[in-house]
Amino acid sequence: MIISYKNEMPFISDCMNSLEDQTEKDFEAIVVCAHTAHADADVIRNMDVSFPLQVIELPEDKDGPAAAKNEGIRASRGEYVFFLDSDDYILSETFCELIRLSDGKDIVAGDIKRTWKNRLHLLNDKKDNSALCPTETADIASALSDILTSHMVLTGIKATGLLIRREFILKHSIMFDESYIYYTEIPFVAQLLVNAQSCVHISYPFYFKRLHQDPVYHPSLNQTMKTHVRLTEALRAYIDTKKITEKITPSCEAEYDALFIKFYVQRITRFFIKDNAENKSEVFKKAKECFSLISENALKNAKHYHHMIIKYSLRHTLDKTIKRIRMHTLRQQGLRYYHDWKRIKQFIYRHVFLNRSMNDDAFLFESFFGKSYSDSPKYIFEYICKNNPGKYKYIWVRDKKKKLDIPYPVKQVKRGSLKYMRAMACSKYYITNIRQPMFFVKRPGAVLLETWHGTPLKRLGFDIDEAVFGTPRYKINFKLQSGQWDYLISPNEFCSETFPHCFAYDGKLLNTGYPRNDILYLPPNERTKLTCNIKNELSIPADKKVILYAPTWRDDRKLSEKEYEFSLELDLIRMRERLGDEYVILLRLHYLLVDSLDFSTLEGFAYNVSSYDDIARLYLISAILITDYSSVFFDYANLKRPVLFFTYDLNEYADELRGFYFDMKDLVPGPLLFTTDEVIDSIINLHDVEKEYRKKYDDFYNRFCSWECGKSSQRVTEEIIK
Ligand code: C2G
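On a predicted model such as this, the values are computed, not experimentally measured, just so you know.

Honestly, the pairing of strand E22 (residues 624-627) in this entry has me stumped. Any pointers?
Successive residues of a regular strand alternate their side chains across the two faces of the sheet. Residues Ile624 and Ile626 line one face of E22 and the alternating positions Leu625 and Thr627 line the opposite face, and both faces are buried. For strand E17 (residues 545-550) and E22, the ladder comprises four bridges, and the chain directions are parallel. Opposite Leu548, over in E22, you have Leu625 as the bridge partner. Sheet topology note: the E22/strand E23 (residues 643-646) ladder contains three bridges and is parallel. Bridge pairing in E23 links Thr627 to Phe645.

Laid out in structure tokens, this is it:
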């Protein structure tokens, strides 16, 4: 078992545990570490494993997977070798099954499955369909071509996951070419296939190749390579492979050629038509070297377009080839998108709206997917409007369901509509508190201000260990998005330290505090007047004190793309019995939660304010905030009023869902409560609670609120409109 290691510490325990669990115990593991991983080598040496483990360090003048694998071959002693990358893992029956079939054969090959999942998640998912029913091909020619076709793409050809007879490798001096950075396995496998006298392929995924979710802090080797370097090397691997496969059976050669043709048409041509791709001509030159190596047979059997574009590329310049590919892509997209209106709109965005001139005086605002007129975009907008009458044009994004109630003359565009697409393409300023859509293209000269929407208590973005509940591309997409932000607002020092890491953001931070909290610093008389107005607006009796309950959402309660389920664990009937004379309670659900609350039986005590636009106005009228893990308390603390934490699922939330940046008990300026009765008791004894938390509250305020003093909108505006 030869394991190459460079810097995969977060993943290696999955790899080692998968070895520990092997049902076949007769193996030795040799971990070959890069010379830069000296400290990690010691950690691995000291791992508590029950199988024999050798850890070797590469000398300084050697680096890369090829050198590590070769070193592993030299150090190995067993009858067979098996290559495993330290970020990958295998099933507990992998060895047992491969060895069962070996019987002196040169190669026993299982399939590789690529996965975003860690081992635990994969095993949990596999429980339901774990029946092992592989099919075997032992006829040598068919087995060899099965191995090739099972890889699907040229760049997917891997030596990992193959059980290879050590004597066979040594006899034919088959080694990895160390001049490759990444694709050394392609010619290596070609040599195996050319020389093998006996081989069995077993079609079952015994090997799990991990796809890296985090391209910034834990990238895989290919994520660290520049695209043109990676593609040129893959083309070189094809050329080297062809020299080897001349000796192989025609059917096997045809398989290689078919993989190459697919690779050129699906990967290389897509790279050519990217506007910002680097060094296209270098890749094109290498591709041309490959074309003459493709066998006539393989070309004849290729799809019409594949055949044509290869011949075309061979005869024409890169520019002409790109034009030809673009024409085909446009036609294909047209056909594919024919019934998909969403795609058609994105197509129009890219090919029509982005070609129009940009409006230098247009601002586009969006808050929480257009669901409300709220948050920092609202306060920045109002500041600009008041201070620049008639100077700019304003557009607000709104949700499909309702028009926003905006007290200024503005245009509103429905999220996802063509008008929205046009506004996204043509407004110079785009101000949003959520992540911009993936189709968004940042034009030269455009300004994107990301206000974000809270000081995080819950881990965020790149700081979440593994995005188990979101899409596996969560972090990859996040990086693409934060790379487009020109400015990001930070409300406090903690965020200024955390945001660059958690968003993988290296643009400008505006250390201004949150514009959305300006309203909390109105002069006392204005604040009192506004408080009365808001209570009136919501028909809340003037003599009742207000409790605001604002919980957050839970990653594991997903209903659809942007909708999560909420279950109300506070017993409102009991609260009314004990508190109803003095208080009313406002229930404010997070914008991702589906609002299915019905308070008809609690009229006069409980109010559903989930669709009320601006939570900052609700803070103003509330005497107490109850929340859980929502960032709302960082904002509410600006008012220095009491906060209670109803954390009935604290352990599950902190340990299993997201994890926190802080130890909640140490941080929060109020008690952690687990039952409705504890909440009620704290409210009845509020005076004592306030006394108990006074010092903690002051410290909290100084740490998280001291940048906010009612001037954040002004400061932000002055920065972005210089
Ligand atoms: N919010 C709200 N009502 C709630 C909860 C939240 O209106 N019941 C609003 C608040 O403005 C809050 C923002 O949504 O600050 C973000 O809510 P969080 O509960 O903190 O959750 P999330 O959207 O996951 O953002 O950096 C902050 C984090 O990203 C958290």
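Having seen the model, we can carry on.
What's the story with the sheet that holds E23 in this structure? I'm lost.
In sheet architecture, strand pairing relies on hydrogen bonds along the backbone and comes in two forms, parallel and antiparallel. In space, the six strands of this open sheet follow the order E21-E20-E17-E22-E23-E24, with parallel pairing throughout. The open sheet has two edge strands with one neighbour each: strand E21 (606-608) and strand E24 (672-673). Set on the sheet, helix H27 (residues 676-684) makes contact with E17, strand E20 (583-587), E22, E23 and E24; between it and E23 the angle comes to about 170°.

So what exactly am I meant to see when it comes to helix H3 (residues 65-75) here?
Helical periodicity: at 3.6 residues per turn, an α-helix aligns residues three or four positions apart in one direction. Burial within H3 is extensive, with nine of its eleven residues counted as buried. What H3 keeps buried is the set Pro65, Ala66, Ala67, Ala68, Lys69, Asn70, Gly72, Ile73 and Ala75.

So what exactly am I meant to see when it comes to the nonpolar core here?
If you look at soluble globular proteins, the nonpolar side chains tend to sit buried side by side. Membership of the largest hydrophobic core comes to 101 residues, with the highest contact counts inside it found for Phe503 and Phe633. Not counting residues up to four positions away in its chain, the partners in contact with Phe633 are Leu457, Leu625, Thr627, Val643, Phe645, Leu667, Val668, Pro669 and Phe700. The next biggest cluster of nonpolar side chains, apart from the first, holds 66 residues, and it includes Leu148, Leu162, Ile169 and Tyr238.

In this structure, what is going on with the site of the ligand? I would like to understand it.
Around the ligand, the surrounding shell holds 22 residues, and the nearest of these are Gly454, Thr552, Arg588, Ser630 and Ser631. A distance of 3.2 Å is found between an oxygen atom of the ligand and a backbone nitrogen or oxygen belonging to His453. Within the backbone of Arg588, a nitrogen or oxygen atom sits 2.7 Å from a nitrogen atom of the ligand. Expressed as a share of its isolated accessible area of 610 Å², the protein-covered part of the ligand is 97%. Tallied by class, residues from the shell around the ligand come to eleven nonpolar, seven polar and four charged.

Whenever I open this one, the pattern of salt bridges confuses me. Can you help?
As a working rule, side chains carrying opposite charge can pair if their charged atoms are close by. This model, assessed by the stated rule, comprises 37 salt bridges. Between Asp14 and Arg210 there is a salt bridge, with its nearest N and O atoms 2.8 Å apart. In this pair, Asp14 sits in helix H1 (residues 9-20) while Arg210 sits in strand E9 (residues 199-210), placing the two residues 196 residues apart along the sequence. Both residues of the pair, Asp14 and Arg210, count as buried.

What counts and what doesn't
- Residues numbered from 1 in each chain as written.
- Predicted model: local features only at pLDDT ≥ 70, side-chain atom pairs only at ≥ 80, totals over all residues.
- Heavy atoms only, no water.
- Buried < 20%, exposed > 50% of the residue type's maximum accessible area, 1.4 Å probe, protein only.
- Helix = DSSP H or I, 4+ residues; strand = E, 2+ residues; numbered from the N terminus.
- Pairing = 2+ DSSP bridges.
- Contact = heavy atoms within 4.5 Å.
- Axes fitted to C-alpha atoms, helices over the stretch in contact; angles between N-to-C directions.
- Core = buried A, V, L, I, M, F, W, Y, C linked by side-chain atoms within 4.5 Å.
- Near = heavy atom within 4 Å.
- Polar contact = N/O pair within 3.5 Å; in protein donor to acceptor, adjacent residues only side chain to side chain.
- Areas by Shrake-Rupley, 256 points an atom, 1.4 Å probe, with all protein chains shown as cover.
- Nonpolar A, V, L, I, M, F, W, Y, C, P; charged D, E, K, R; others polar.
- Salt bridge = Lys/Arg side-chain N within 4 Å of Asp/Glu carboxyl O.

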